[in-house]
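Structural overview for review
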Amino acid sequence: MNSSVFFLALRRMRAPLIVLIVIYAVSTLGLTLIAGVDTQGQPTPPMSFFHAFYFVSYTATTIGFGELPNAFSDAQRMWVTVSIYLSVVGWSYSIISLLALVQEKGFQQVLLTGRFARRVKLLGEPFYIICGCGETGLLIARALDREGIRVVAVERNELRIQELELEDFSADILALCADAAQPQHLLMAGLKHRNCRGVLAMTDDDSANLAVAIASRLISPRLRIVARVASPSIEANMMSFGTHYVVNHFEKFADYLAQAIQSPNWYRLVDLLTGLPGQEIPERHDPPAGDWVVCGYGRFGQAVVRNLARHGVGLTVIDPDPNLSVGVHHIVGQGTEAAPLRQAGVETAVGLVAASDNDTNNLSIAITAKEVNADLFVVVRQNRVANQVLFDAYDADFTMVPSRIVARECLALITSPLLSRFLHLVRAWSEARAAAVVGRIEGLFGQRVPVIWSVRLNAADAPAVHRLLVMEEAKIALGSLRRDPAARQESLPVLPLLLVRDDRDEELPDDETLLEAGDELLFAGTRAAKAAQNLTLDNRTVLDYVLTGEDTPGWLWGLLSCNSKAASRRLGVRRRV
């Protein structure tokens, strides 16, 4: 990169440099051909090339030592005058060209790219590459920053890069303005870096996300690859070559909506566990069971119809295409007027989904439907972030925002890999059990979404606990990890969700469960509780206090105490003598 900057500068400055070289050469040559004069006025031989070049160098650069080694003849002074004006013109041309080069966007981009590549190489901590920094990428970057995970961003929109640099992150986010679909840009972003942990393809272009996933899979198969997608065919393509996780926000929301109709407490539990940590708990959504109307049969509408029909929900589709084959009752129209809505049975329906790809139409559909049936449960699709103010003003019962759905799924996968496993187990729960866990979570964490984290009891993640279990064969109950290391009689706001041992799952383990080395645990709690638990896992002194209630001194304090006791004994012996 440094060599490309150098050669680019040489190429752009080629003409000014040639002009300067020609001026210096002609000026030097002239002084070597014109005779001088001594103090008596007698002619002297012309200057040598060395003295001529030396004189032209300090004169043309405005240093001006004078006429050396002797006073010049009139002919020499005339030639020097011409040389001075020529050199001024040459230097002016060169400086103007240099300033134009520095201000040139392409040259600035080369400098920024070189600086970016150097900073990525120097990263000494784990990081993720985010391709695409729209609303989804920005939400993920903020959340990862709060978790202390570094981010390298690749975004082709310069305005988004500038917005990213203005964000108040605790650690600098390295951002490159480039097309992430080009493999060389991924390599520059650290795709083969030893500390790179994964690639998140979050652009709004399915083809670009597919290119990122393929390049990442081929170049660094060890990395975790998460891709956003809207097209079912591209989703199938991604899964075919081993993309670890593909988030289809249309399918995901449609699945959640169908599950929420069938099991509202299950969906409430999922909503609490996959929300953005630290934010206010989202409003509860309990979509009613009954007949539903879907306005718009694009990719989102198809996903909604497919998932609701699977659960036996009565459906009517409103779409302007008369030749549409939907497999359910179909009304031709937009849904923005009352007539097609009434024809679709919205007066007796319990819910409506405004699923078109036009935000204005979706809001119009929702408002018109509410006027026809005030008790209707309305689900609205929001396509553009810029229209957030309008959707906030309308306040639908349920709003489908793709960026938030994708961000939540990605964060759950990155920050707590066991969460997906736990949510899969939760699908088999009864409504009563899900409602009980929801009550515990809301009681423990108040109005904030809990932080979800995983812990493996090994030497890397929990050195103090692992050493005690393996080396000393001690027995540690799970409840010990919920005690406050500052006051062991108090319990931390932590809820154990899952214990995985030898690939066997134990859901909601109790405090009396004895831990073993190698266990994997999934917790929900506050950020402060997580930090307090980390002290117990990492520090042997803190762990001993939590287990026994006694403060065990560290090695330094113990050494000082032993020396102090020995000195006291020696002093006592002297006194007795």
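These numbers come from a predicted model, not from an experiment. (Residues numbered from 1 in each chain as written. Predicted model: local features only at pLDDT ≥ 70, side-chain atom pairs only at ≥ 80, totals over all residues. Heavy atoms only, no water.)

**Some thoughts on the overall build of the chain**
What counts is decided by this rule: Strands are runs of DSSP state E lasting at least 2 residues, helices are runs of H or I lasting at least 4, and numbering of each runs from the N terminus. Throughout, the radius of gyration refers to the C-alpha atoms, and the reference size of a globule is 2.2 Å times the residue count to the power 0.38. Exposed residues in this analysis have more than 50% of their type's maximum accessible area, buried residues have under 20%, and partly exposed residues fall in between, with area computed by a 1.4 Å probe over protein chains only. Every residue pair with non-hydrogen atoms within 4.5 Å of one another is taken to be in contact.
Within the chain, the secondary structure is distributed over 23 helices and 20 strands. What you see for the chain is a C-alpha radius of gyration of 36 Å, clearly larger than the 25 Å of a compact globule of 577 residues, by over 25%. With the C-alpha coordinates aligned to their principal axes, the bounding extent of the chain is approximately 120 × 110 × 40 Å. Within the chain, the fraction of its 577 residues that count as buried is 47%. Of the contacts made within the chain by residues no fewer than 6 positions apart, 67% connect residues no fewer than 24 positions apart.

**Comments concerning the packing of aromatic side chains**
Rule in force here: Stacked, tilted and edge-to-face pairs are distinguished by plane angle, under 30 degrees for stacked and over 60 for edge-to-face with tilted covering the rest, among Phe, Tyr and Trp rings (Trp via its six-membered ring) whose centres lie within 6.5 Å. Throughout this description, the term charge over a ring refers to an Arg CZ or Lys NZ atom that lies within 6 Å of the ring centre and within 35 degrees of the ring normal.
Enumeration over the complete set of coordinates arrives at twelve aromatic pairs. Here Phe 250 and Phe 300 contribute two aromatic rings whose centre-to-centre distance is 5.6 Å and whose plane-to-plane angle is 40°, an arrangement assigned as tilted. Taken as a pair, Phe 250 in helix α11 (residues 249–262) and Phe 300 in helix α13 (residues 299–310) lie far apart in primary sequence, 50 residues in all. Through a chain of ring-to-ring contacts, the aromatic side chains of Phe 250, Phe 253, Tyr 256, Trp 266, Tyr 267, Phe 300 and Phe 398 assemble into a single cluster. The ring of Trp 429 has Arg 433 lying over it, and the distance from NZ or CZ to the ring centre is 4.3 Å.

**Quick word on the packing of helix α12 (residues 264–273) against helix α19 (residues 431–445)**
Counted only if it meets this: An axis is simply a line fitted to the C-alpha atoms; with a helix, the fit covers only the stretch in contact. Between two such axes, the angle follows the N-to-C directions and lies from 0 to 180 degrees. Two helices cross in a left-handed way if the nearer one is turned anticlockwise from the farther one by less than a right angle. They cross in a right-handed way if the turn is clockwise. Three classes are used, and their members are as follows: Ala, Val, Leu, Ile, Met, Phe, Trp, Tyr, Cys and Pro are nonpolar, Asp, Glu, Lys and Arg are charged, and the others, Gly among them, are polar.
At their nearest, the axes of α12 and α19 sit 8 Å apart, and the two run at 35° to each other. Along this stretch, α12 crosses α19, giving a crossing that reads as left-handed. Contacts between α12 and α19 involve Pro 264, Asn 265, Trp 266, Arg 268, Leu 269, Leu 272 and Leu 273 on the former and, on the latter, Glu 431, Ala 434, Ala 435, Val 437, Val 438, Ile 441 and Glu 442. For the contact of α12 with α19, a count of residues per class yields ten nonpolar, one polar and three charged.

**Structural notes on helix α22 (residues 540–548)**
Quick reminder: α-helices carry 3.6 residues per turn. Residues three or four places apart thus point the same way. When α22 is considered as a whole, its buried residues turn out to be Val 542, Leu 543, Asp 544, Tyr 545 and Val 546. Lining the buried residues of α22 we find α20 (463–470), β16 (483–484), β17 (487–491) and α21 (527–538).

**Here's the deal with the sheet that holds strand β18 (residues 494–501)**
For the record, the criterion: Each pair of strands is called paired provided DSSP finds at least two bridges between the two strands.
If you trace the four strands from one edge of the open sheet to the other, you get β15-β20-β18-β19, paired in antiparallel fashion. Each edge of the open sheet is held by one strand with a lone partner, namely β15 (451–456) and β19 (504–507). Neighbouring strand axes in the sheet, compared pairwise and without regard to direction, differ in orientation by 20° on average. Bridging between β18 and strand β20 (residues 520–525) involves six bridges; their strand directions are antiparallel. Bridge pairing links Val 500 to Glu 520 in β20. Docked against the sheet, helix α18 (residues 418–426) engages β15, β18, β19 and β20, running at close to 90° with respect to β18. Strand contacts of α19: β18, β19 and β20, with the helix running at about 130° to β18, the strand carrying the most contacts.

**Some words on α21**
Quick reminder of the rule: Any helix carries an expected span of 1.5 Å times its number of residues minus one. Think of the arc as the fan of directions from the helix axis to the C-beta atoms.
For α21, built from twelve residues, the straight-helix expectation of 16 Å at 1.5 Å per residue is met to within 8% by its first-to-last C-alpha distance of 17 Å. Where α21 is concerned, the buried positions are Ala 529, Ala 532, Gln 533, Thr 536 and Leu 537. The buried side chains of α21 occupy one side of the element, clustering within an arc of 145° when seen end-on.

**Remarks on the confidence of the model for the chain**
Fine structural detail should not be taken from predicted coordinates in areas where pLDDT scores are low. To keep things clear, this is the line we draw: Per-residue confidence from the predictor is reported as pLDDT, a score between 0 and 100.
When pLDDT is averaged across the chain, the result is 86; 94% of the residues are at 70 or more. Below pLDDT 50 for its whole length, residues 555–577 participates in one contact with residues either more than four positions away or in separate chains.

**A short note on a nonpolar patch on the surface**
Here is the rule: Candidate patch residues must exceed 30% relative accessible area and have no salt bridge, after which like charges are joined if within 9 Å and Val, Leu, Ile, Met, Phe, Trp or Tyr side chains if within 5 Å. Residue burial considers only the protein chains on display, and all accessible areas are found by Shrake-Rupley using a 1.4 Å probe. What counts as a salt bridge is simple: a side-chain nitrogen of Lys or Arg found within 4 Å of a carboxyl oxygen of Asp or Glu.
A grouping of Phe 6, Phe 7, Leu 10, Leu 17 and Ile 21 is seen on the molecular surface, where their side chains present a nonpolar patch of about 500 Å² in accessible area. Those elements that provide at least two residues to the nonpolar patch are α1 (2–12) and α2 (14–33). Considering each element in turn, the nonpolar patch owes the most residues, three residues, to α1. Here Phe 7 shows up in helix α1.

**Comments concerning the nonpolar core**
To be explicit about the condition: Throughout this description, the term nonpolar core refers to a set of buried Ala, Val, Leu, Ile, Met, Phe, Trp, Tyr and Cys residues connected via side-chain atoms within 4.5 Å.
If you look at the biggest cluster of nonpolar residues, it comprises 56 residues, and the most contacted ones within it are Leu 257, Leu 273, Trp 292, Val 353 and Phe 422. The greatest single-element share of this core, amounting to eight residues, is contributed by α11. Ignoring any residue separated from it by four or fewer positions in sequence, one finds Val 353 in contact with Leu 257, Trp 292, Val 293, Val 294, Cys 295, Phe 300, Val 304 and Val 379. Judged by nonpolar contacts, the second largest core, of 29 residues, contains Ala 117, Cys 131, Leu 191 and Val 229.

**Side note on empty space enclosed by the protein**
Just so we agree on the cut-off: Think of a 1 Å grid over the protein atoms and nothing else: a 1.4 Å probe that fits but is trapped marks a cavity, an open set flanked by protein within 12 Å on at least five of seven lines marks a pocket, and residues with an atom within 4 Å of a point count as lining. Grid points are joined across faces, edges and corners, and a volume is the space filled by probe spheres set on the points.
Within the structure shown, the criterion is met by two cavities of 30 Å³ or more. As for the largest cavity, its lining consists of 14 residues, and the residues nearest its centre are Gly 275, Pro 277, Leu 411, Ala 412 and Thr 415. Here the lining of the largest cavity takes four residues from helix α17 (residues 402–415), the largest share from any one element. Split by residue class, the lining of the largest cavity holds eight nonpolar, four polar and two charged. Roughly 70 Å³ of internal volume is contained in the second largest cavity. Contributing to the lining of the second largest cavity are Ser 27, Leu 31, Phe 55, Val 56, Thr 59, Ala 60, Val 80, Ser 83, Ile 84 and Ser 87. Counting only elements with at least two residues in the lining of the second largest cavity, the list comes to α2, α3 (49–60) and α4 (74–103).

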